[in-house]
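Chain and residue survey
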Amino acid sequence: MPEDSEDIATATAAGERPDAYTDAHTDAPPETPEAVPGLAAADSLFARLRHACWPEWHAYLDHPFVRRMADGSLRQECFRHYMGQDYLFLIHFARAYALGVFKSESLEDMRRMGAGMAAILDEMGLHVRYCQSWGLSPEDLERLPESKATMAYTRYVLERGLAGDLLDLVVALSPCIIGYAEIGARLIDGIDDDHPYGAWIREYGGAGYRQVARDAVETMDRLMVERGGPGRMPGLVDTFRQATRLEADFWQMGLTLAD
Ligand SMILES: Cc1ncc(C[n+]2csc(CCO)c2C)c(N)n1
């Protein structure tokens, strides 16, 4: 993948690339680069959280695991470890959406959360296909020992939802849902048909998945209007930042084969 593969995440409204973007550990640049064109308005809750947590967000999106997946140099062993753990991760995320049904106060929210749970259970098809090609059955996957990174991330999200309201839960889920659309959009540009991680990239880089992310942005805004207030922001920023850090740790777990 060429160096300029970062373009999709770096295009600002003015089409310029802020210098600060090149360093994962700088403070948020004065104007955070737009995620995926048309994904989230600058004043959306998601864009504000992303801006507030820019160093963590950039470290998640530009993690070496992602870079190596993009240029095809990621060792298959690392990808396998990641996919196996991601299967366990998805089981808990389906539970988090089920919790979202419980925390809903309207039928509309209940339907959305229920549909999110169903979408996750479908997403597992990608994992099952990959793992079958490596000789692993869904039962083998379910029996894998859970890594600490998987446990930390999934239980953190569940705890935010249990302790808080639907807005807290949806914010805790958002780095996962929207971040993968941003990564997919960056990686899909010009990939070859025989790219070793092409199926993964096409799953998250496609228009269908981008719509899932757009819906999540919209839901966050609606819940912020219904339940939010200026007093909610510090807590929501904290949740978004922690979930984003746990996403980066999840890549790191794959890269280092951590248990
Ligand atoms: C570590 C990790 N983070 C995010 C996703 C992506 N993801 C998880 S649930 C969901 C929404 C419904 O499909 C999406 C896109 C993943 N698979 N693994």
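Because the structure is predicted, anything quoted here is derived from the model rather than measured. (Residues numbered from 1 in each chain as written. Predicted model: local features only at pLDDT ≥ 70, side-chain atom pairs only at ≥ 80, totals over all residues. Heavy atoms only, no water.)

**Looking at the packing of helix α5 (residues 76-103) against helix α9 (residues 166-188)**
Note the threshold: Interaxial angle, 0 to 180 degrees, is taken between N-to-C directions of lines fitted to C-alpha atoms, where a helix line uses only the stretch in contact. Strands here are runs of E lasting at least two residues and helices are runs of H or I lasting at least four, both read from the DSSP assignment and numbered beginning at the N terminus. We call a crossing left-handed when the near helix sits turned anticlockwise from the far one by less than a right angle, and right-handed when that turn is clockwise. Note on contacts: a residue pair qualifies if any of its non-hydrogen atoms lie within 4.5 Å across the two residues. The classification used treats Ala, Val, Leu, Ile, Met, Phe, Trp, Tyr, Cys and Pro as nonpolar, Asp, Glu, Lys and Arg as charged, and all other residues, Gly among them, as polar.
It is the contact of α5 with α9, at a shortest axis distance of 11 Å, that shows an interaxial angle of 145 degrees. Along this stretch, α5 crosses α9, giving a crossing that reads as left-handed. Between α5, through Y82, D86, F89, F93, A96, Y97, L99, G100 and K103, and α9, the contact on the second element is made entirely by L166, L169, L173, C176, I177 and Y180. A breakdown of the residues in the contact of α5 with α9 according to their chemical character gives 12 nonpolar, one polar and two charged.

**Quick notes on the site of the ligand**
Note the cut-off: For this description, a residue counts as near a given molecule or strand if any of its non-hydrogen atoms is within 4 Å of it. As used in this structure description, the phrase polar contact means that two N or O atoms lie within 3.5 Å; if the pair is within protein, one of them must be able to donate a hydrogen and the other to accept it, and residues adjacent in sequence are counted only when both atoms belong to side chains. For the area figures, the Shrake-Rupley method with a 1.4 Å probe applies, and any residue is considered shielded solely by the protein chains shown. Of the two site types, the cavity is a set of points on a 1 Å grid over the protein atoms alone where a 1.4 Å probe fits but cannot get out, and the pocket is an open set with protein on both sides within 12 Å along at least five of seven lines, each lined by residues with an atom within 4 Å of a point. Pocket occupancy is defined atom-wise: a molecule lies in a cavity or pocket when more than half of its atoms are within 2 Å of its grid points.
Lining the immediate environment of the ligand, one finds D86, F89, L90, I120, E123, C176, Y180, Y204, Y209, E247 and F250. At 2.7 Å, a side-chain N or O of E247 approaches a nitrogen atom of the ligand. Bound to the protein, the ligand loses 97% of the 440 Å² it would expose on its own. If you map the ligand onto the pockets, it falls in the largest pocket. At the level of elements, α5, α6 (107-133), α9 and α12 (233-256) are the ones that each hand at least two residues to the shell around the ligand. Here the shell around the ligand takes three residues from α5, the largest share from any one element.

**Topic: the packing of helix α2 (residues 45-52) against helix α11 (residues 207-227)**
Which entries qualify depends on this criterion: We call two directions roughly parallel when the angle between them is under 35 degrees, roughly antiparallel when it is over 145, roughly perpendicular when it lies between 65 and 115, and oblique otherwise.
Two numbers describe how α2 lies on α11: the axes approach to 8 Å, and their chain directions differ by 95 degrees. Put simply, α2 runs roughly perpendicular to α11. Contacts between α2 and α11 involve L45, F46, R48 and L49 from the first element and V217, M220, D221 and M224 from the second. The class makeup of the residues in the contact of α2 with α11 is six nonpolar, no polar and two charged.

**With respect to the layout of surface pockets**
Threshold: Grid points are joined across faces, edges and corners, and a volume is the space filled by probe spheres set on the points.
As a volume, the largest pocket reaches approximately 610 Å³. In terms of lining, the largest pocket is formed by 31 residues, of which the most central are Y97, G116, A119, I177 and V212. Residue assignment for the lining of the largest pocket shows that the elements contributing at least two residues are α5, α6, α9, α10 (198-205), α11 and α12. Split by residue class, the lining of the largest pocket holds 21 nonpolar, three polar and seven charged.

**So, the pattern of salt bridges**
This is how the line gets drawn: By definition here, a salt bridge exists when the distance from a side-chain nitrogen of Lys or Arg to a carboxyl oxygen of Asp or Glu is within 4 Å.
All chains considered together, the criterion is met by 17 salt bridges. Note that E108 is salt-bridged to R222, the shortest N-O span being 3.7 Å. Residue E108 is found in helix α6, and its partner R222 is found in helix α11; the two are separated by 114 residues along the sequence. In this structure, the salt-bridge partner of R155 is E146, at a minimum N-O distance of 2.8 Å. A network of salt bridges, in which partner residues are shared, links E105, D165, D168, R227 and R232.

**Some thoughts on the nonpolar core**
The tendency in soluble globular proteins is for nonpolar side chains to be buried as a group. Selection criterion: Put simply, buried Ala, Val, Leu, Ile, Met, Phe, Trp, Tyr and Cys residues joined by side-chain atoms within 4.5 Å make one nonpolar core. Partly exposed describes any residue whose relative accessible area lies between the buried limit of under 20% and the exposed limit of over 50%, with all areas from a 1.4 Å probe on protein chains only and scaled to the type maximum.
By size, the foremost hydrophobic cluster in this structure holds 81 residues, and its most contacted members are F79, W200 and W251. In terms of residues, this core owes the most to one element, α9, which gives 15 residues. Residues within four places of F79 in sequence aside, it is in contact with F65, M69, L74, Y130, W134, Y197 and W200.

**Quick word on α9**
The test is simple: A helix is expected to reach a length of 1.5 Å times the quantity of its residues less one. Values of bend correspond, residue by residue, to the angle between axes fitted over the seven residues ending at that residue and the seven starting there.
Its 23 residues give α9 an end-to-end C-alpha distance of 32 Å, which sits within 8% of 33 Å, the value for a rise of 1.5 Å per residue. In the structure, α9 departs most strongly from a straight axis at L173, where the bend amounts to approximately 40 degrees and where the proline P175 lies between one and four residues downstream. Counted residue by residue, α9 has 22 buried out of 23 residues, so it is predominantly covered. At the exit of α9 stands G190, carrying a positive phi of roughly 70 degrees.

**Some remarks on the side chain of D86**
To be explicit about the condition: Neither His nor the chain ends contribute to the count of charged residues, in which Lys and Arg are positive and Asp and Glu negative.
As for its placement among the helices and strands, D86 is situated in helix α5. One buried charged side chain, D86, makes no salt bridge at all; its nearest oppositely charged neighbour is R155, positioned 12 Å away. Not counting residues within four places of it along the chain, the set of residues in contact with D86 comprises H127, Y180 and F250.

**Some remarks on the packing of aromatic side chains**
Which entries qualify depends on this criterion: Pairing of aromatic side chains requires ring centres within 6.5 Å, counting the rings of Phe and Tyr and the six-membered ring of Trp. Pairs whose planes differ by under 30 degrees are stacked, by over 60 edge-to-face, and all others tilted.
Following the criterion strictly, the structure yields 23 aromatic pairs and no others. Centre to centre, the rings of Y204 and Y209 are 5.4 Å apart; their planes meet at 90 degrees, and the pair counts as edge-to-face. Of the residues examined, Y209 reaches a relative accessible area of 16% and is grouped as buried.

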